[in-house]
Amino acid sequence: MSHVTIDGREYEFEGPQSLLQFCLDHEIELPHFCYHPSMSVPANCRQCLVDIGAPVRDRETGEIRLDEQGKPVIQYFPKLQTSCSHIISDGQVVHTARSSKKVEEAQRDTLEFLLINHPLDCPICDQAGHCPLQIQAYKYGPEGSRFEFRKVHKPKKVKLGPRVVLDAERCINCTRCVRFTDEISGSGQLTIIERGVKNYPITPPGGSFDEPYSMNVIDLCPVGALTSVDFRFQARIWEMASTPSITTTNAKGSNCDLWVRDNLVLRITPRANPEVNEFWLPDEDRLTYHRFNENRPLGPSLHGETESASWDSSLQRVTEILKNSGTQTVFIASAYATVEDNWMLIQLAEAVGGQVAGYISHIEPGHGDGWLRTDDRTPNAQGCERLGLAPIDFPLWQARIESGEFQAIYILEDDPVASELCSIESLEDIQVILHYYSTTNQTLPTADVALPAAMVAETIGTYVNESGRAQRVVPAKVIKGMNRTLMMQMGLSRADRHGTPFDRWHNESHYIDCKPSWEIIPILLKALGAKTGPLGPRKIMRLISDTIPAFKGATYGAMDLSGVALPAIETEVIS
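Residues numbered from 1 in each chain as written. Predicted model: local features only at pLDDT ≥ 70, side-chain atom pairs only at ≥ 80, totals over all residues. Heavy atoms only, no water.

1. Notes on the sheet that holds strand β14 (residues 264-270)
Next, step 1: Strand order in this open sheet of 3 strands is β12-β13-β14, and the pairing throughout is antiparallel. At either end of the open sheet lies a strand with only one pairing partner, and these are β12 (241-246) and β14. Across the sheet, the mean angle from the axis of one strand to that of its neighbour is 30°, orientation sign disregarded. (Pairing = 2+ DSSP bridges. Helix = DSSP H or I, 4+ residues; strand = E, 2+ residues; numbered from the N terminus. Axes fitted to C-alpha atoms, helices over the stretch in contact; angles between N-to-C directions.)

2. Describing the domain arrangement of the protein chain
Next, step 1: According to the domain assignment, the protein chain consists of domain 1 (2-112), domain 2 (117-228) and domain 3 (301-458 + 513-555).
Next, step 2: Between the C-alpha centres of domain 1 and domain 3 the distance comes to 58 Å. (Domains from an automatic or database assignment.)

3. Observations regarding the packing of aromatic side chains
Next, step 1: For the structure shown, the criterion picks out 8 aromatic pairs.
Next, step 2: Here F279 and W280 contribute two aromatic rings whose centre-to-centre distance is 5.9 Å and whose plane-to-plane angle is 65°, an arrangement assigned as edge-to-face.
Next, step 3: Ring geometry for W397 versus F406: centroids 5.8 Å apart, planes at 20°, classification stacked.
Next, step 4: In this arrangement the basic side chain of R400 is found over the ring face of W397, its NZ or CZ atom lying 4.4 Å from the centre. (Phe/Tyr/Trp six-rings, centres within 6.5 Å; stacked < 30°, edge-to-face > 60°. Lys NZ or Arg CZ within 6 Å of the ring centre and 35° of its normal.)

4. Examining the nonpolar core
Next, step 1: F331, L348, L387, Y410, I544 and F551 are the most contacted members of the largest nonpolar core, which has 58 residues in total.
Next, step 2: It is helix α8 (residues 339-352) that contributes the most residues to this core, 8 residues altogether.
Next, step 3: L348 has contacts with L322, F331, Y410, I521, L524, L525 and L528, leaving out every residue within four places of it along the chain.
Next, step 4: With 34 residues, the next largest nonpolar core counts I202, C221, L226 and L372 among its residues. (Core = buried A, V, L, I, M, F, W, Y, C linked by side-chain atoms within 4.5 Å. Buried < 20%, exposed > 50% of the residue type's maximum accessible area, 1.4 Å probe, protein only. Contact = heavy atoms within 4.5 Å.)

5. Describing the confidence of the model for the protein chain
Residues shown with low pLDDT carry predicted positions that ought not to be read at fine detail.
Next, step 1: In the predicted model, the protein chain carries a mean pLDDT of 92, and the fraction of residues at 70 or more is 95%.
Next, step 2: Between residues 492-498, whose pLDDT stays under 50, and residues either more than four places distant or in other chains, the model counts 24 contacts. (pLDDT = per-residue confidence, 0-100.)

6. What about helix α4 (residues 176-184)?
Next, step 1: Residues R176, C177, V178, R179, F180 and T181 constitute the buried set of α4.
Next, step 2: Close packing links the buried residues of α4 with β9 (191-193), β10 (200-202), α5 (216-220) and β11 (226-228).
Next, step 3: Of the residues flanking the end of α4, it is G186, one or two places downstream, whose phi is positive at about 80°.

7. Examining the pattern of salt bridges
Next, step 1: Within this structure, the stated rule accounts for 22 salt bridges.
Next, step 2: For the salt bridge of K156 with D167, the shortest nitrogen-to-oxygen distance reads 3.9 Å. Separated by 11 residues along the polypeptide, K156 in the loop between α3 (132-140) and β7 (158-159) and D167 in the loop between β8 (164-166) and α4 bring together distant segments of the chain.
Next, step 3: Owing to a relative accessible area of 1%, D167 belongs among the buried residues under this scheme.
Next, step 4: Members of the salt-bridge network, linked through shared partners, are D121, K156, D167, E169, R170 and R232. (Salt bridge = Lys/Arg side-chain N within 4 Å of Asp/Glu carboxyl O.)

8. Considerations on the sheet that holds strand β17 (residues 355-359)
Next, step 1: Strands sit in the order β15-β20-β19-β18-β16-β17 across an open sheet of 6 strands; the sheet is mixed. The open sheet is flanked by β15 (301-302) and β17, the only strands paired with a single partner.
Next, step 2: Taken together, the 2 bridges between β15 and strand β20 (residues 449-452) define a ladder with antiparallel strand orientation. Paired with L302 across the bridge in β20 is V449.

9. Quick look at the packing of α8 against helix α12 (residues 517-527)
Next, step 1: Their axes nearest at 9 Å, the elements α8 and α12 cross at an angle of 15°. Here α12 runs roughly parallel to α8, going by the angle between their axes. Classified by chirality, the crossing of α12 by α8 is left-handed. Seen from α8, the contacting residues are D341, M344, L345, Q347, L348 and A351; seen from α12, they are S517, W518, I521, P522, L524 and L525.
Next, step 2: Across the contact of α8 with α12, the residue classes break down as 9 nonpolar, 2 polar and 1 charged. (Parallel < 35°, antiparallel > 145°, perpendicular 65-115°, else oblique. Left-handed = near helix turned anticlockwise from the far one by under 90°. Nonpolar A, V, L, I, M, F, W, Y, C, P; charged D, E, K, R; others polar.)

10. Side note on a negative patch on the surface
Next, step 1: Together, E10, E12, E14 and D90 line one region of the surface with negative charge.
Next, step 2: Of note, E10 is situated in strand β2 (residues 9-13).
Next, step 3: A relative accessible area of 52% places E10 in the exposed class. (Patch = residues over 30% accessible without salt bridge, like charges linked within 9 Å, V, L, I, M, F, W, Y side chains within 5 Å. Areas by Shrake-Rupley, 256 points an atom, 1.4 Å probe, with all protein chains shown as cover. Lys, Arg positive; Asp, Glu negative; His and termini not counted. Charge placed at Lys NZ, Arg CZ, Asp CG, Glu CD.)

11. A look at the pairing of β14
Next, step 1: A large share of β14 lies buried, amounting to 6 of its 7 residues.
Next, step 2: Count of turn residues in the strand β13 (residues 255-261)/β14 antiparallel hairpin: 2 residues, of which D262 carries a positive phi of about 55°.

12. Some thoughts on the environment of Y213
Next, step 1: Within the secondary structure, Y213 is located in the loop between β10 and α5.
Next, step 2: The buried category is assigned to Y213, whose relative accessible area is 3%.
Next, step 3: Taking the C-alpha atoms as reference points, Y213 and R108, 105 residues apart in sequence, are found 35 Å from one another.
Next, step 4: Residues contacting Y213, with those up to four places away along its chain left out, are F180, L281, P282, D283, D369, W371, L372 and R373.
Next, step 5: Side chain to side chain, Y213 and D369 meet in a polar contact 2.5 Å long. (Polar contact = N/O pair within 3.5 Å; in protein donor to acceptor, adjacent residues only side chain to side chain.)

13. Brief notes about the environment of L24
Next, step 1: Note on placement: L24 falls in helix α1 (residues 19-25).
Next, step 2: L24 gets classed as partly exposed once you look at its relative accessible area, which sits at 31%.
Next, step 3: C-alpha of L24 to C-alpha of N255: the two residues are 231 residues apart in sequence and 22 Å apart in space.

Below you can see the structure in the form of structure tokens.
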């Protein structure tokens, strides 16, 4: 086993490793700007400098020379080295700013150079509060500037494309954005122009930065040079609460953080998971934040009325419909809903004696790119199939619904009218029960009872992505009638998650009157006199994991924040 000594402490390592990444992996802080573990190493910011030495060996014997105290004689490089580009070797000795005055001074001088032409606009910069340059200037930089001349000015408010804005004066030429387009996304839409203090990233003449992954450069930028068109000047980092979650626009299940202020989702950013999306997120996943806030239902409704009804009267009406229709009820599962919600739907269908048609498949051929976008536009088709639910055979079920075979149709978090499974006319003589998210749902006007369902940002549950990885989500937003299970998962780290009327920014109209489907269905089961089974998503998932081989090991504890790979086994589907 090889050894390296860093600031007087010895560490073991195997194989070639970057010194900077080794330090980061062992929680040894080394300031840096240009380095990123997924991209090439330009070593141009010079902020990660360290002092490196190695034991002196006798040229004739190859033995390590020892000093008078019996310790190895260390010979240091004549100049400080960039730790990002240095590959550690056995016996090396490394000094960071914690143990070397020379390194401390070098990092301070480097920051002074970087800040010479940097604008002092932290109070109005979107990056303020989570800006690596700002943080490192406080930790490692000089207390003041000796530069008292006019700063170099560069273009500001340059719209590189439809989603990214450039303030070139803030750029420190780390080249992360350019390397991303060259090495990761492959679009090559950004390049560096000009020389010296005048250079900055830009698109080629006549070009637009419109690739489907363009907003990743906003996360990569270590300063506030690249910002989001949508999020620019909307909120400060310290005003928002971030909650780990997953994206639901496709079957990849990319890991993300939902950023919430005043119970509104203001932005979506990637959360690192090497097993799913690494550090990246497509723009289509980020730009869906509006749907958590807009066109949301005001509460349950009866007979297609826009005015909301009470939950008690709505659930009572559902119970009456299910009792009367009985075996002549068809249930439609949903690849948008969680595993727990779909499992509860199956229990409800069994209690009533109705049939589960399966789930509506939402495949968009050509949309996928073989990376983080998929042809499947739903997050949980794999979860449905592991429960034994098959994609609906459209011709078969269209004919059965139109034939008048069923008295009632129970729809879980989907829109069969928009999907063309059935028309509004074919539902005129059928009693429709609909769990829905948005008032744009085209089946909503036909619903005898419409029950607002919690979205991924408001519920607890499990999704299984296209590769068979089970991932759980926790609520980022508060809903009306918040139950204890949701409250316990919300946490209390930020007051703005649970604002009070005394907070000026607090607006109770942002609280949606909805419930998770795993909370609604047990109420119906109890009203029907059926066995409710386990209550709460954690217990439901524990039962699923114990009884269905396709979900073996998918407990909440095992999934944690990064998910768990499920066994690749064949499943029997409900037809």
